[in-house]
Amino acid sequence: MAERPEDLNLPNAVITRIIKEALPDGVNVSKEARKAISQAASIFVLYATSCANNFAMKAKRKTLNAGDVMSAMEEMEFERFLQPLRQALEAYKKGQKGKKEASEQKRKEKKNITDENDKSRDEEEDEHMDDEQEGENEGEEEDVEN
Amino acid sequence: MPGQKRKYNVRFPPGRIKKIMQKDTEVGRIASAVPIIISKALEMFLRSFLTMTCKITQSRNSRVMSINHMKQCIHSEKLFDFLKDLADQASTASTSECKCQSHFYSIICENAQVPGKKMKADTVPL
């Protein structure tokens, strides 16, 4: 697989936005400094990943989770990030739950419509419930093995 | 959305973050919430880094943040120790020679394009 340099860089648009919002009016950033900021961002991700992964491995888990990232932030001495990160995590979980409920609701509605047309659906409904539960578990993890 | 003070477009794409994380060969699976959290942490880190560097920029009565200000910031804050390699290497034009202490910067290096040099041709597409 050919490696492209952009793959390890984060989008300039986002970085530029953060720069604009962090600096007071009138202060600009040199071209070299901009590049260095982008590199610093990638290094931060790698460093945080490595730290977080150590926690996962210690716990003999193969999946890196949000808790590992929190532990990593503490280890990296970014404790003041923890509170906002926890909030972000809660918001994300709520969002996911909402999406799941919405799609389950749609599925149920669809089923109800077809149920009216067909009488003996009990068995199939149970099977369907199992599928949904499996779907829930799969939704939490992404298979990104190397 | 109620209570949303979200500034637009400061969230990094989860897919890109995951790609960077996967550069670490020891990393296995990644829960879906992780890139979201990392994105937020990254945003906060950059803001801190920029704010602290900006103080140096202003203390030198400059309107342009330069590499030197960043280097000074990195060297003066223990929090940014992990960026030391970046600070040491940043002023050199080519990134081909990396005497790196922490191997994170070397990962960035090997993926960086060196001016005047073609990309390696020995990577065969699968």
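What counts, and at which threshold
Residues numbered from 1 in each chain as written. Chains lettered and ligands numbered in written order. Predicted model: local features only at pLDDT ≥ 70, side-chain atom pairs only at ≥ 80, totals over all residues. Heavy atoms only, no water. Helix = DSSP H or I, 4+ residues; strand = E, 2+ residues; numbered from the N terminus. Buried < 20%, exposed > 50% of the residue type's maximum accessible area, 1.4 Å probe, protein only. Contact = heavy atoms within 4.5 Å. Areas by Shrake-Rupley, 256 points an atom, 1.4 Å probe, with all protein chains shown as cover. Buried area = accessible area lost by both parts, 1.4 Å probe. Salt bridge = Lys/Arg side-chain N within 4 Å of Asp/Glu carboxyl O. Polar contact = N/O pair within 3.5 Å; in protein donor to acceptor, adjacent residues only side chain to side chain. UniProt positions renumbered as here; feature names shortened; annotations may be inferred. Core = buried A, V, L, I, M, F, W, Y, C linked by side-chain atoms within 4.5 Å.

## Overview of the overall build of chain B
Okay, so step 1: Regarding its fold elements, chain B presents five helices and two strands.
Okay, so step 2: Helices (α) and strands (β) of chain B occur, in sequence order from the N terminus, as α-β-α-β-α-α-α.
Okay, so step 3: Going through the 126 residues of chain B one by one, you find that 44% of them count as buried.
Okay, so step 4: Pairs at least 24 apart in sequence give 28% of the contacts found in chain B among residues at least 6 apart.
Okay, so step 5: Of the roughly 7,200 Å² of accessible surface on chain B, a fraction of 51% belongs to carbon and sulfur atoms.

## Observations concerning the environment of Gln 105 of chain A
Okay, so step 1: Inspection of the secondary structure puts Gln 105 of chain A in helix α4 (residues 82–117).
Okay, so step 2: For Gln 105 of chain A, a relative accessible area of 42% puts it in the partly exposed group.

## A closer look at the interface of chain A and chain B
Okay, so step 1: Listed per partner, the contact involves 69 residues of chain A and 65 residues of chain B.
Okay, so step 2: Carbon and sulfur atoms make up 71% of the area that chain A and chain B hide from each other, which totals about 6,600 Å².
Okay, so step 3: For the interface between chain A and chain B, the tally reads one salt bridge.
Okay, so step 4: One can count 11 residue pairs in polar contact (both at pLDDT 80 or more) joining chain A with chain B.
Okay, so step 5: Residue assignment for the side of chain A that touches chain B shows that the elements contributing at least two residues are α1 (12–22), β1 (28–29), α2 (31–58), β2 (63–64), α3 (66–75), α4, α5 (122–140) and β3 (141–142) of chain A.

## Here we look at the UniProt feature "domain: Transcription factor CBF/NF-Y/archaeal histone" (unreviewed entry) in chain A
Okay, so step 1: UniProt's feature table lists "domain: Transcription factor CBF/NF-Y/archaeal histone" (unreviewed entry) at residues 9–73 of chain A, given in the numbering used throughout.
Okay, so step 2: Across residues 9–73 of chain A, the secondary structure splits into 72% helix and 6% strand, with the terminal C-alpha atoms separated by 21 Å.

## Regarding the nonpolar core
Okay, so step 1: Within the largest apolar cluster, 73 residues are counted, with the highest numbers of intra-cluster contacts made by Met 73 of chain A together with Phe 45 and Leu 83 of chain B.
Okay, so step 2: The residues touching Phe 45 of chain B, leaving out its near neighbours within four places in the chain, are Ala 40, Phe 44, Phe 78 and Phe 81 of chain A together with Phe 80, Phe 82 and Leu 83 of chain B.

## With respect to α3 of chain A
Okay, so step 1: Where α3 of chain A is concerned, the buried positions are Ala 66, Asp 68, Val 69, Met 70, Ala 72 and Met 73 of chain A.
Okay, so step 2: Turning to α3 of chain A, the residues buried within the fold contact α2, β2 and α4 of chain A together with α2 (33–59) of chain B.
Okay, so step 3: For α3 of chain A, the side-chain oxygen to backbone nitrogen distance between the N-cap and Gly 67 of chain A is 3.1 Å, and the N-cap itself is Asn 65 of chain A.
Okay, so step 4: With its phi angle positive at about 70 degrees, Glu 77 of chain A sits one or two positions after the end of α3 of chain A.

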